[in-house]
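# Close look at the chain arrangement
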Amino acid sequence: MHSKRGRARLDASFAMVVAGFSLLCCVSLACFFPHSMMFDGASAPLYRSFNSGFGLASFVGALAYGVAVFRFPKLFFAGTLAGYAMLGVGCALLMTAVGDAWVAVIAGALCGGGLACAYVYWLGLLTFMHRRRAMTAQGGQALVGGLAFSLLSLLPLEVTRTAIVAGAAVSCVCACVAWWSMRASGEASIAGLQEKDGVFSVRTGTGGEQVGHRGREELVRIFQSIALPALCSVVVSFLYGALTPVAASMMGFPRTVPVVIWGGPVGAAAYLIWTRAGAGQRGSLVLQVVFGVLAVLLLLAPFEVALAGFSAGNQVCALLFYSLIIGELARHRRVALVLLSMGYALVHLAFLGGLFVPWRFGVFSYETFSQSAPFIMFVAYAIGGVLLFVAHRDKLRKIRCLEGKLNRQRKEKEGLARVVAKATNDELDLVCESLACAAGLTKRETEVLMMLARGRDVAFVCNELCLARNTVKGYTKRIYTKLDIHSKQELIDLVEQKRAKDLESCADSDGLCLR
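Below: a short report on this structure. Given the structure is predicted, the values throughout are model-derived calculations rather than measurements. (Residues numbered from 1 in each chain as written. Predicted model: local features only at pLDDT ≥ 70, side-chain atom pairs only at ≥ 80, totals over all residues. Heavy atoms only, no water.)

Let us look at a nonpolar patch on the surface. Among the surface-exposed residues, L56, L346 and L349 lie close enough to one another that they form a single nonpolar patch of about 240 Å² accessible area. Position of L349 relative to the elements: it lies in helix α11 (residues 333-355). The partly exposed category is assigned to L349, whose relative accessible area is 31%. (Patch = residues over 30% accessible without salt bridge, like charges linked within 9 Å, V, L, I, M, F, W, Y side chains within 5 Å. Areas by Shrake-Rupley, 256 points an atom, 1.4 Å probe, with all protein chains shown as cover. Salt bridge = Lys/Arg side-chain N within 4 Å of Asp/Glu carboxyl O. Helix = DSSP H or I, 4+ residues; strand = E, 2+ residues; numbered from the N terminus. Buried < 20%, exposed > 50% of the residue type's maximum accessible area, 1.4 Å probe, protein only.)

Take a look at the structure:
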């Protein structure tokens, strides 16, 4: 009964997270395409003013929220409430920004900072879930939010504005309910963000000695695994930002907004299919496929198809990057929040930087894009460079795996050789003790016999037993006399014969036991 009730609470929390995150995704797309909230006929400088404030505030807001939560975990929930408040004020200002560039900049800054806090909050909430559930929720919110905004873009402007404001308010309510629900079910808590033993701490043994830096080594491995998806996400966002103003210019592609809007849900659907297919560990393969498809679309496909491909690729790379952080650092949530906030900040900063690239190449319209070989080559070289880097990293990863396997095999062989050598030495000692007992050798003579049986010379015996050279020669002469031999080789042969007889007798006794 209790398990069913707990299962129902988890399902309710999951549904609340998907709903609230999807609504926030829809509001984020509305800020990404501010024409859905601005007045009809807004000028291009007004859009650029809003985008500049939005991009910079997204970068600063995400970093500030991540660092603040890392230092003070109790700000995790309070910070998102402040973010939603900023978002609401920013949307209200945006709707009233009639030709005033500074109002548009302030509105963009408020929307960007508020969205950054709220978005990172939802990503951080996913770290409390099981990895597969978190990946499903992340892809689901992108798909549902993208489809919702695609449908809203078809409605009249006043209806779209009202729906976006209502969506932001409902998303805030969902954020509160989801947090309280997950805390009540024990799935999430502030204590889960307060790790007493930091991930960079040095473990100590019972005697106070340092026994390793396992946490630091684990984080280095995690950083190496997410570095490639982070780079790919930033590059795709930058190139996507470079193509967007070309299509959205006054003389741009006439169907820019529908193409870009529908590209996001397509990318989210592809991500969900990939996660459900059980291929969650082949991230490098996905990145190679994404960049390969983008290169083909850029060079061979029509502009609208290439633009839709970059929109979908941007979505796939971002979702893959965030899911890797959530999955790898679920046990170190504060570090995960910092990396999520950094990733969000860098992606938005890269997109903002890409918006200004076409003007550097003299590309001001859709027509000039098709005739600008330098700009097309710039984008193509960027994609090709990332493809080469991904292939190189994948090759290095395979080499490291092979080296690790060979090192493990070498260590196993060395360990086995040590065991065999130790067993051989123990067996040799037993044979020497048996010969010494039969010949009546003293304890010191027995020690010298063991070394001589191993082929050691007089100098080695002197150093090992701290004896004078003449003393060792005297012991050797008495050993030869008692064993009735005349040289070291005869001594070694005698020991080998004795060991062979002992092994043969052991084999005969085992055979008798079996009979």
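Having seen the model, we can carry on.
Time to look at the packing of aromatic side chains. Two numbers describe a pair of aromatic rings. These are the distance of the centres and the angle of the planes. On inspection of all chains with the given rule, the structure shows 17 aromatic pairs. Between Y119 and Y344 the ring centres are 5.3 Å apart and the planes differ by 35 degrees, which places this aromatic pair in the tilted class. Highlighted residues: Y119 in helix α4 (residues 101-126) and Y344 in helix α11, separated in sequence by 225 residues. Between Y240 and F351, the aromatic rings sit 5.7 Å apart at their centres with planes inclined by 55 degrees, giving tilted as the arrangement. Residue Y240 is located in helix α7 (residues 214-248), and its partner F351 is located in helix α11; the two are separated by 111 residues in the primary sequence. For Y240, a relative accessible area of 4% translates into the label buried. You can call F351 buried: its relative accessible area is 14%. In textbook terms, an aromatic cluster arises when at least three aromatic residues are bridged by ring pairs, as seen for F21, F76, F77, Y119, Y121, W122, F128, W179, W180, F321, Y322 and Y344. If you follow R133 out to its NZ or CZ, it ends over the ring of F14, 5.0 Å from the centre. (Phe/Tyr/Trp six-rings, centres within 6.5 Å; stacked < 30°, edge-to-face > 60°. Lys NZ or Arg CZ within 6 Å of the ring centre and 35° of its normal.)

Looking at the secondary structure, you find W262 in helix α8 (residues 256-276). Sequence separation between W262 and S150 is 112 residues; the distance between their C-alpha atoms is 6.7 Å. Excluding anything up to four places from it in sequence, W262 contacts L147 and S150. (Contact = heavy atoms within 4.5 Å.)

Attention shifts here to helix α16 (residues 458-465). The complete set of buried residues in α16 reads V461, C462 and L465. Down the axis, α16 shows its buried residues gathered within 100 degrees of arc, on one side only. (Arc of directions from axis to C-beta.)

To continue, consider the environment of P374. Checked against the element boundaries, P374 lands in helix α14 (residues 373-439). With a relative accessible area of 52%, P374 lands in the exposed category. Spatially, the C-alpha atoms of P374 and G362 are 9.8 Å apart, while their sequence positions differ by twelve residues.

Contact geometry of helix α5 (residues 131-152) with helix α10 (residues 303-328) gives a least axis separation of 10 Å together with a crossing angle of 155 degrees. In terms of orientation, α5 lies roughly antiparallel with respect to α10. The interaxial crossing formed by α5 with α10 has right-handed handedness. Side by side, α5 and α10 meet where R131, A134, M135, Q138, G139, Q141 and A142 of the first sit next to Q315, A318, L319, Y322, S323, L324, I326 and G327 of the second. Classifying every residue of the contact of α5 with α10 by side-chain character gives eight nonpolar, six polar and one charged. (Axes fitted to C-alpha atoms, helices over the stretch in contact; angles between N-to-C directions. Parallel < 35°, antiparallel > 145°, perpendicular 65-115°, else oblique. Left-handed = near helix turned anticlockwise from the far one by under 90°. Nonpolar A, V, L, I, M, F, W, Y, C, P; charged D, E, K, R; others polar.)

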